[in-house]
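Structural overview
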Amino acid sequence: MAKAAILEQPGNGLVIGEVELADPAPHEVLIDTKACGLCHSDLHFIDGAYPHALPAVPGHEAAGVVRAVGSEVRSVAVGDHVVSCLSAFCGQCEFCVTGRMALCLGANTRRGKGDAARITRNGGELVNQMLNLSAFSEQMLIHENACVSIDKDMPLDRAAVIGCAVTTGAGTIFNAANITPGETVVVVGCGGVGLAAINAAKIAGAGMVIAADPLEEKRALAKVLGATHTIDALAEDAAKQIIKMTGGGVHYAIEAVGRQASADLAVASLRRGGTAIILGMMPLDCKVGLGAMDLLSGKKLQGAIMGENQFPVDLPRLVDFYMRGLLDLDTIIAERIGLEEINAGFDKMREGHSARSVVVFE
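Since this is a predicted model, take the numbers as computed values, not measurements.

Here we come to unusual backbone geometry. Residue Pro55 is bonded to the preceding Leu54 through a cis peptide linkage, with omega at -5°. Its location among the elements puts Pro55 in the loop between helix H1 (40-46) and strand E4 (56-57). Despite not being glycine, Asn132 has its phi angle at roughly 70°, a positive value. Mapped onto the secondary structure, Asn132 falls in the loop between strand E9 (128-129) and strand E10 (139-143). Relative accessible area serves as the criterion here: at 6%, Asn132 is assigned to the buried category. Phi is positive for Ser134, close to 60°, though the residue is something other than glycine.

So, in structure tokens, the structure goes:
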């Protein structure tokens, strides 16, 4: 049995209860969860903005220690320290074999409809697994292609935030944008993902890194992580300020909130030939677009799910960046809480004043 935070009804928060995890199937890994970050993507499901089969255990930004492995698992071993990632990949589909693993739908990494459930409660009641992980739990049972082994010297509370926020934010800079040193970047939204993108832009050698956020304390965090300039994202002339300070607009605009206004600001901040990359989970009825003059100016608009990561390679490199003092994960983590405090942690997220909260399991 494992204690977990369960979503039973959207809008009513999470309920702490006990779940039972099955024995690992041939390609599955049982992990003792040590830390899991609170991500805004979880909140979309908790508040009902995105639908999901219920009851379910959310949580997808986690790190832990392997307790048991299935008979065919070769990529990790018992005792390994691992980071999980929702970008579980099958390794066989069009996206995997063309190097776009983050786009894999991962059908072969889930149990089939006729198979026993990975997670149950109350003597057999199905508990749905969310995003292949369900990490708000003392244990996770996942496919081996949903985790990667990391250096055991890496603190697991900091390793956890690499699993989503840092992979998404930094991966967007390194993979989707592939920034050339000296190019300019604006990041709209300075939560965990945005701060990671700012930190990565500094590492990549961006010439100007502008942090746009309505909250002064978030802009101050952005400066610590490498922003060279900051602006109030809600200022009426925010786009004009960015265009003026960059001499024509930015090469890359990263939207890291998931709101119509922030996506529009990203597009409006581009220079000729610039690219806007939308990372946030937008409301399902939102549309972001380029006008006729934008198209005639060679501007581009794209999504970059999970930073277009190739996580078995990317995550160990990001761990190495932290261990060498290049990647600042300490500033991104605002607080460490117990599982029982998880609803209060999401309340803080709704207020929007702090960076990442991380649940730490004993």
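Take helix H3 (residues 156-177) next. At Ile162, H3 is bent by approximately 55°, the largest bend along its length. The buried count for H3 comes to 20 of 22 residues, which makes it a mostly enclosed element. Looking one or two places after H3, you find Asn178, whose phi comes out positive at around 50°.

Burial runs high along strand E13 (residues 208-212): 5 of the 5 residues are buried. Across the two faces of E13 the burial is the same, with Met208, Ile210 and Ala212 and Val209 and Ala211 all buried. Bridge count between strand E12 (residues 184-188) and E13: 5 bridges; the pairing is parallel. Within the sheet, the bridge partner assigned to Val187 lies in E13 and is Ala211. Taking the sense of rotation as the criterion, the β-α-β connection linking E12, helix H4 (residues 192-204) and E13 turns out right-handed. Here 3 bridges tie E13 to strand E14 (residues 229-231), and the two strands are oriented parallel to one another. Bridge pairing in E14 links Ala211 to Thr230. Traced from E13 through helix H5 (residues 216-225) to E14, the parallel crossover comes out right-handed.

What counts, and at which threshold
Residues numbered from 1 in each chain as written. Predicted model: local features only at pLDDT ≥ 70, side-chain atom pairs only at ≥ 80, totals over all residues. Heavy atoms only, no water. Helix = DSSP H or I, 4+ residues; strand = E, 2+ residues; numbered from the N terminus. Buried < 20%, exposed > 50% of the residue type's maximum accessible area, 1.4 Å probe, protein only. Bend = angle between axes of the 7 residues up to and from the residue. Pairing = 2+ DSSP bridges. Right-handed = clockwise from strand over helix to strand, strands pointing away.

As far as function goes, none of this settles anything; it's purely spatial.
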